[in-house]
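One letter stands for each residue in the lines below.
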Amino acid sequence: MTPTPEQQAESLLAELTVQEKVAFLHQHQPAVERLGLAKFLTGCEGLHGVAWIGEATVFPQAVGLGATWDRELVRRVGEAVSTEVRAFSQDTANAYQDSGQFEKPAQVSLNVWAPVVNPLRDPRWGRNEEGYSEDPYATAQIATAFCRGLRGEHPTVWRTTPVLKHFLAYNIETDRDLIDVRVPDRVLHEYELPAFRGPIEAGVAAGVMPGYNLTNGVPNHVHPLINDALRAWDPDLAVCSDAQAPSNLVEREKYFDDHAVSHAAALKAGVDSYTDNATDSVPTIERFTAALERGLITESDVDAAVRRLLLLRARTAEFAKDSDPYADIKADVIDSAEHRALAREAAEASVVLLKNEDAALPLPTGQDAPERIAVIGHLGTRVLTDWYSGTLPYSVSIADALTSAYAEAGTQIGTTDGADLVVLRVVDEASGEPVEFGPYRHQDWGTSVQCPLPVHTLQSVENGRYLTLTGKNDEGVEAAADAPDGWIVKELWEFEAAPDTAADAAGGETFTLRSNAPERRKYVRVEPSTGALLADVEDFAAATRFRLDVVESGEQAAAELAASADRVVLVLGNDPHINGRETVDRDGLELPARQERLLRAVQQANPETVLVLVSSYPYAIDFAARSLPAVLWTSHGGQELGTAVAGALTGRSNPSGRLPQTWYAASAELPDPTDYDVIGSRWTYRYSRRDHLYPFGHGLSYTTFEYSDPSAQVQAEGPGAFTVTVNLDITNTGPRFGHEIAQLYVRRIGGEGFDAEDEALRILVGFARIALEPGERREVAFEVASAGLQRWSAAEGRAFVAAGEYVFEVGRSSADLPASVHVELA
């Protein structure tokens with residue numbers, strides 16, 4: 001009989017020496033040949049597809065998966081991701097596609113660092129794309145589904161071992177390793193912790209990663225809640241540090257004076273695996289060895305961590321391969337036909353129809369198809385990835401998919417990205433003649449918290465590549481990059497006004513060109529001897545003065561194309577590598593000024609313009625919401641983005657996504673990003689009394705649904721525990737098949753000590769995705785456990801259900817709740 005994973009871990013732990021156990025605390029664990037243990041590392045990225053290895057199926061961003069409100073679909077996505085992780089790990093030679101972007105990995109870990117379960121409190125957070133929802137219940141539900149797919153259904157063997165990120169109160173990129181986030185006790189227990197608790201108590205999370213920040217004065221990597229909360233829910237959770245965070249305790253946060261003390265404190269706090277100093281494990285080993293010698297930790301402290309790490313490995317049958325049900329997974333699953341179909345299904349389910357006035361959508365097809373459709377905008381012909389995406393095996397853009405959809409009808413699909421065609425000009429000092437660089441397609445992406453100057457990209461018309469830093473020291477400047485990409489984005493440029501009397505007199509304002517890449521922010525000059533561009537100037541005064549001359553106006557070209565078309569699809573949004581990503585927070589909710597101008601120019605040229613927003617986060621789009629007949633939103637949807645959007649535009653599919661976040665009317669409506677008091681400062685749909693452009697849970701359909709009056713029953717489950725069951729019927733009263741996302745909310749409206757200002761406006765406690773044919777009616781039952789109705793008493797240090805009158809409301813969004821039932825809870 002095969003020993004259990006727990007028995008395997010205990011047996012191996014007993015055979016390891018102290019030195020071997022200390023070495024296992026680093027992310028890169030060494031082989032122990034005498035015990036038959038291979039090298040191991042914690043960490044493989046799989047947020048919405050296998051990342052950083054090579055070509056793999058790319059699903060919608062996590063926020064897009066959250067927009068599906070579909071547990072079973074997200075579970076299947078998690079299953080597909082974990083199956084491809086297994087393929088890369090077990091069939092590396094065949095799985096790896098030599099794209100030139102990645103080195104062939106020596107090892108692929110079955111420990112997946114996903115999902116991100118931080119509730120999306122602030123839509124300006126740079127990593128908004130990585131979370132599922134602003135609501136902790138919805139986040140926990142979707143995260144549990146994804147983890148269940150990653151884990152697999154086998155009772156003892158896990159297909160992969162998911163690690164939840166990032167504990168705790170992590171929603172800020174600005175000085176993220178220094179900021180101290182203050183979280184009131186009630187917010188901690190009602191908003192932050194439940195998102196983590198759901199998947200942990202469901203038994204589908206193998207570990208947790210702490211965030212970089214401090215919470216209530218304590219760095220998360222030494223926070224007592226690791227043991228007091230996380231390990232209270234599951235004592236076997238493995239805790240993996242974030243990259244370089246252990247060293248930050250001394251070097252950045254200066255919370256401790258030396259590394260032996262800081263590492264000892266982190267170990268006692270519950271951190272097991274140390275992602276520090278990249279592949280170099282020596283500093284970690286030296287620090288723990290010193291901590292042992294100084295009596296700061298004991299061998300039993302090391303044993304506790306190593307046991308959890310060995311269990312992490314044992315759970316995937318690493319030490320009992322004969323009993324591994326997943327051992328036969330090979331590379332043919334990667335980008336398989338089944339996974340392509342699932343990517344298409346997920347992308348379609350994540351599309352949200354925000355507005356559809358006078359049935360502007362779907363676009364006419366067949367004999368009524370328009371003669372000319374214009375697809376305008378940078379994102380109309382491109383499919384973009386993000387930092388945690390895999391390499392696209394193929395991609396279908398919106399323009400591609402519309403071209404296919406209208407091929408039989410003969411509709412002409414015209415495209416333009418709306419970018420200005422420009423050249424950079426400088427006067428040669430020796431000859432006095434102008435020197436020209438370009439032409440380039442110029443995009444202005446606006447500002448961020450980290451950069452108050454707008455950042456720009458310049459794409460060469462000649463070769464289609466972006467102006468980027470090149471060479472060993474990043475001092476060259478050439479059009480050599482396929483796209484803005486990488487941890488350090490080297491394709492972004494800042495224009496700083498730099499008046500030059502002679503040049504200005506020659507025909508325009510001048511500026512300097514400066515790289516926006518962190519730690520490479522040097523100015524550009526023209527090398528006199530070669531005429532080449534070099535980014536090697538520290539001094540603003542020594543930088544070359546350029547003039548930007550517009551050869552062709554992007555707005556004018558877009559307006560002309562729009563005016564000539566019967567229908568216009570304007571595609572705006574973000575590039576996930578620019579002004580909103582890990583390490584970079586947005587400084588507002590508005591579209592970049594350049595995109596807003598393009599929007600207004602196109603709308604004026606053709607009022608029958610449909611706006612498609614492809615973005616990692618919400619926007620404040622007041623003008624578009626007022627002026628355009630239809631608006632769609634989708635996250636960056638992966639390889640099948642265009643198929644999904646075109647399907648929604650043409651009516652081939654019926655939009656069914658719902659917003660996982662509130663879309664606020666303006667940036668001024670939001671509290672300061674550092675304010676984590678969602679209750680006192682009125683964050684999220686639960687508490688916000690601000691103006692909302694589109695409410696949490698909002699999304700339209702091409703059909704209609706009717707809700708019957710609900711009934712409710714309360715069933716006692718034991719001392720202080722009960723379940724409320726809400727039943728109702730939902731009918732498709734419209735002309736076509738569709739999915740309704742029925743959402744159940746609760747609010748307390750009376751009782752002893754009731755204070756309306758202290759109560760949530762409403763709280764999501766259930767949701768169901770229901771497929772209905774025209775005329776079909778279905779009964780839906782929601783079961784709400786008493787734990788879902790609890791609030792936290794800071795004074796008493798406990799959770800409780802306040803007695804009083806509650807109203808349970810069911811509907812299409814947090815602001816559209818046509819059915820309700822009252823319940824008295826004692």
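Heads up: these notes are all about the structure in this document. This one's a predicted model, so the numbers in the text were calculated from it and none came from an experiment.

### A few points about the pattern of salt bridges
Next, step 1: Overall, the coordinates contain 61 salt bridges when judged by the stated rule.
Next, step 2: The salt bridge partner of K522 is E538, with a shortest N-O separation of 3.8 Å. Of this pair, K522 sits in the loop between β19 (511-515) and β20 (523-526) while E538 sits in the loop between β21 (533-537) and β22 (547-552), and the two are 16 residues apart along the sequence.
Next, step 3: Looking at K522, the relative accessible area reads 23%, which means it is partly exposed.
Next, step 4: Judged by its relative accessible area of 62%, E538 falls in the exposed class.
Next, step 5: Connected through shared salt-bridge partners, R186, E190, R748, D758, E759 and R791 make up one network.

### Concerning the pairing of strand β32 (residues 763-772)
Next, step 1: Within β32, 7 of the 10 residues are buried, which leaves the element mostly enclosed by the surrounding structure.
Next, step 2: Where strand β31 (residues 738-750) and β32 come together, 9 bridges link them in antiparallel fashion. Pairing of L744 across the sheet is with G766, part of β32.

### Points about helix α16 (residues 554-564)
Next, step 1: Taken as a whole, α16 has its buried residues at G554, A557, A558, A559 and A562.
Next, step 2: Against the buried residues of α16 lie β11 (372-376), β12 (412-416), β13 (420-427), β22, β23 (567-573) and α17 (593-605).
Next, step 3: Here α16 starts with a cap whose side-chain oxygen sits 3.4 Å from the backbone nitrogen of E555, and that cap is S553.

### Topic: the nonpolar core
Next, step 1: Within the largest apolar cluster, 150 residues are counted, with the highest numbers of intra-cluster contacts made by L613, I621 and W663.
Next, step 2: Here this core gets 8 residues from one element, more than from any other, and that element is helix α4 (residues 71-90).
Next, step 3: If we skip the residues at most four places from it in the chain, W663 touches L354, L613, P618, Y619, I621, W633, H692, L693 and Y694.
Next, step 4: The next biggest cluster of nonpolar side chains, apart from the first, holds 35 residues, and it includes L384, A399, V645 and A648.

### Looking at the sheet that holds strand β36 (residues 804-811)
Next, step 1: One open sheet accounts for 4 strands, arranged β32-β31-β36-β37; its pairing is antiparallel. Each of the sheet's edge strands pairs with one partner strand only, and the pair in question is β32 and β37 (819-825). For this sheet, the mean angle separating the axes of adjacent strands, direction not counted, is 20°.

### Some details on the layout of surface pockets
Next, step 1: Each pocket or cavity is described by its volume, and for the second largest pocket that value is around 1100 Å³.
Next, step 2: Considering the residues around the second largest pocket, the lining is formed by 40 residues, among which P194, A787, G788, L789 and Q790 are closest to the centre.
Next, step 3: Put simply, the parts of the chain that give the lining of the second largest pocket at least two residues each are α6 (136-151), α7 (185-201), α8 (225-233), α20 (684-687), β31, β32, β33 (777-785) and β34 (791-793).
Next, step 4: Top element by residues in the lining of the second largest pocket is α7. It accounts for 8 residues.
Next, step 5: Split into classes, the residues belonging to the lining of the second largest pocket amount to 23 nonpolar, 6 polar and 11 charged.

### Some points on the environment of N128
Next, step 1: Take N128: it is sitting in the loop between β3 (111-112) and α6.
Next, step 2: Classification of N128 by relative accessible area gives buried; the value is 0%.
Next, step 3: Residues N128 and D816, 688 residues apart in the sequence, show an inter-C-alpha distance of 25 Å.
Next, step 4: With residues up to four places along the chain from it excluded, the contact list for N128 reads V63, L120, D122, P123, S616, Y617, P618 and Q661.

Criteria and cut-off values
Residues numbered from 1 in each chain as written. Predicted model: local features only at pLDDT ≥ 70, side-chain atom pairs only at ≥ 80, totals over all residues. Heavy atoms only, no water. Salt bridge = Lys/Arg side-chain N within 4 Å of Asp/Glu carboxyl O. Helix = DSSP H or I, 4+ residues; strand = E, 2+ residues; numbered from the N terminus. Buried < 20%, exposed > 50% of the residue type's maximum accessible area, 1.4 Å probe, protein only. Pairing = 2+ DSSP bridges. Contact = heavy atoms within 4.5 Å. Polar contact = N/O pair within 3.5 Å; in protein donor to acceptor, adjacent residues only side chain to side chain. Core = buried A, V, L, I, M, F, W, Y, C linked by side-chain atoms within 4.5 Å. Axes fitted to C-alpha atoms, helices over the stretch in contact; angles between N-to-C directions. 1 Å grid on protein atoms, 1.4 Å probe; cavity = no way out; pocket = protein on both sides within 12 Å on 5 of 7 lines; lining within 4 Å. Points joined across faces, edges and corners; volume = space filled by probe spheres on them. Nonpolar A, V, L, I, M, F, W, Y, C, P; charged D, E, K, R; others polar.

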